[in-house]
Amino acid sequence: MRHAALKRTLSAGLAITLLLATAAAFAGDRGDRVERRLDRKGDRIDARLDARGNRIDQRLDRRAAWQDALGHDRRAARLDRKGDRIEQRLDRRGDLADARWDRRGNRFDARWDRWH
């Protein structure tokens, strides 16, 4: 009778240990998954703002070329500078947003690893 009870206790203890080890492995992985998801979100925001800046700059470059063809040199130069300035500003905003989401993901992963 004692042998069966001891065997049952050891089996239950082993099952609980395996369950906790599996849960810990998945818990550690969750922090990494959330970090990757936030990194991808930052990359998407950065790419969207870069594309928007490129479209605006290209449109203003076309207008500047048209103004240059009409003989309005100063207006063409102003439009070209304006397009470059807007593109740089949107690139900078995209880089800052990407960095912010990367930091959030790193903080979440570090916090998750610390507590799980």
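Shown above is the structure to which this text applies.
Residues numbered from 1 in each chain as written. Predicted model: local features only at pLDDT ≥ 70, side-chain atom pairs only at ≥ 80, totals over all residues. Heavy atoms only, no water.

This part is about the overall build of the chain. Scanning the chain from N- to C-terminus turns up two helices and zero strands. Here the chain, with 116 residues, has 25% of them falling under the buried criterion. In the chain, the proportion of contacts linking residues at least 24 apart, taken out of those at least 6 apart, comes to 76%. Summed over all atoms, the accessible surface of the chain reaches about 9000 Å², with 55% contributed by carbon and sulfur. (Helix = DSSP H or I, 4+ residues; strand = E, 2+ residues; numbered from the N terminus. Buried < 20%, exposed > 50% of the residue type's maximum accessible area, 1.4 Å probe, protein only. Contact = heavy atoms within 4.5 Å. Areas by Shrake-Rupley, 256 points an atom, 1.4 Å probe, with all protein chains shown as cover.)

On to the packing of aromatic side chains. Applying the stated criterion across every chain, the model contains one aromatic pair. Considering the side-chain rings of Phe 108 and Trp 112, the 5.8 Å spacing of their centres and the 15° angle between planes classify their relative orientation as stacked. Linking Phe 108 with Trp 112, this pair stays in helix α2 (residues 73-115), spanning four residues, or about one helical turn. Residue placement shows Arg 104 over the ring face of Trp 101; its charged tip is 4.5 Å from the ring centre. (Phe/Tyr/Trp six-rings, centres within 6.5 Å; stacked < 30°, edge-to-face > 60°. Lys NZ or Arg CZ within 6 Å of the ring centre and 35° of its normal.)

This part covers the nonpolar core. Among the nonpolar cores identified, the biggest contains 15 residues, and Ile 45, Ile 56, Leu 60, Ile 86 and Leu 90 are the most heavily contacted of them. If you list the elements that add at least two residues to this core, you get α1 (2-69) and α2. Tallying contributions element by element places α2 first for this core, with eight residues. Look past the residues within four positions of Ile 56 in its chain and what remains in contact with it is Ile 86 and Leu 90. (Core = buried A, V, L, I, M, F, W, Y, C linked by side-chain atoms within 4.5 Å.)

This next bit is on the side chain of Glu 35. Mapping Glu 35 onto the fold places it in helix α1. Arg 36 provides the closest opposite charge to the buried, unpaired Glu 35, separated from it by 6.8 Å. Those residues within four positions of Glu 35 in sequence are excluded, and the remaining contacts are Gly 105, Asn 106 and Asp 109. (Lys, Arg positive; Asp, Glu negative; His and termini not counted. Salt bridge = Lys/Arg side-chain N within 4 Å of Asp/Glu carboxyl O.)

Turning our eyes to something else, we now look at the environment of Leu 49. Structurally, Leu 49 is set in helix α1. Separated by 44 residues in the primary sequence, Leu 49 and Arg 93 have C-alpha atoms spaced 7.4 Å apart. Ignoring anything within four residues of it in the chain, the contact list for Leu 49 reads Leu 90, Arg 93 and Gly 94.

The next subject is the side chain of Glu 87. Among the structural elements, Glu 87 can be located in helix α2. If near-sequence neighbours (up to four positions away) are discounted, Glu 87 is found in contact with Gly 53, Asn 54 and Asp 57.

Attention now moves to the environment of Arg 52. Counting through the fold element by element, Arg 52 comes out in helix α1. In this structure Arg 52 comes out as partly exposed when scored by relative accessible area, which is 39%. In the structure, Arg 52 is positioned 38 residues away from Leu 90 in sequence and 7.6 Å away in space, judged by C-alpha atoms.

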